[in-house]
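# Results of the structural survey
Given next are the chains, with one letter for each unit.
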Amino acid sequence: MEELRKMLQEKFPAIDFDRETHLMTDGILDSLAVVGIIAEIEERFDVGVTMEYIQPACFESLETMWEMIEELRA
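Presented here is a report on the structure given in the accompanying data block. (Residues numbered from 1 in each chain as written. Predicted model: local features only at pLDDT ≥ 70, side-chain atom pairs only at ≥ 80, totals over all residues. Heavy atoms only, no water.)

### Section: a negative patch on the surface
Taken together, the side chains of Glu52, Glu63, Glu67, Glu70 and Glu71 make up a negatively charged region of the molecular surface. Following the sequence through the fold, Glu52 ends up in the loop between helix H2 (31-45) and helix H3 (62-73). (Patch = residues over 30% accessible without salt bridge, like charges linked within 9 Å, V, L, I, M, F, W, Y side chains within 5 Å. Areas by Shrake-Rupley, 256 points an atom, 1.4 Å probe, with all protein chains shown as cover. Salt bridge = Lys/Arg side-chain N within 4 Å of Asp/Glu carboxyl O. Lys, Arg positive; Asp, Glu negative; His and termini not counted. Charge placed at Lys NZ, Arg CZ, Asp CG, Glu CD. Helix = DSSP H or I, 4+ residues; strand = E, 2+ residues; numbered from the N terminus.)

### Focus: helix H1 (residues 2-11)
Note on helix geometry: an α-helix contains 3.6 residues per turn, so any two residues three or four positions apart are oriented the same way. Every buried residue of H1 is listed here: Leu4, Arg5, Met7 and Leu8. Angularly, the buried residues of H1 cover 165 degrees about the axis, an arc narrow enough to put them on a single face. (Buried < 20%, exposed > 50% of the residue type's maximum accessible area, 1.4 Å probe, protein only. Arc of directions from axis to C-beta.)

### So, the pattern of salt bridges
Applying the stated criterion across every chain, the model contains five salt bridges. Of the charged contacts, one joins Arg5 and Glu2 as a salt bridge, the two residues approaching to 2.6 Å between their closest N and O atoms. Placement of the pair is Arg5 and Glu2 together in helix H1, with a separation of three residues, close to one helical turn. Classification of Arg5 by relative accessible area gives buried; the value is 16%. Linking Arg5 and Asp18 is a salt bridge whose minimum nitrogen-to-oxygen distance equals 2.7 Å. You can see Arg5 sitting in helix H1 and its partner Asp18 sitting in the loop between H1 and H2, a full 13 residues away along the chain. A network of salt bridges, in which partner residues are shared, links Glu2, Arg5 and Asp18.

This is the structure in structure tokens:
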């Protein structure tokens, strides 16, 4: 999860990913940001983010993004 945290902090230095748990609900991330995050996740973690994971709940927090990555790796 540390690599994901580092990646997110590089892209969005103003966001505290350790504290924020409603990134989508609170409008901290928008759909354009999510598209960029998906591209980075696919490249860095060698996974393909399928349509079932392209939903706000998967991008609400660092933890939900990590859970998605772990599921995609399985």
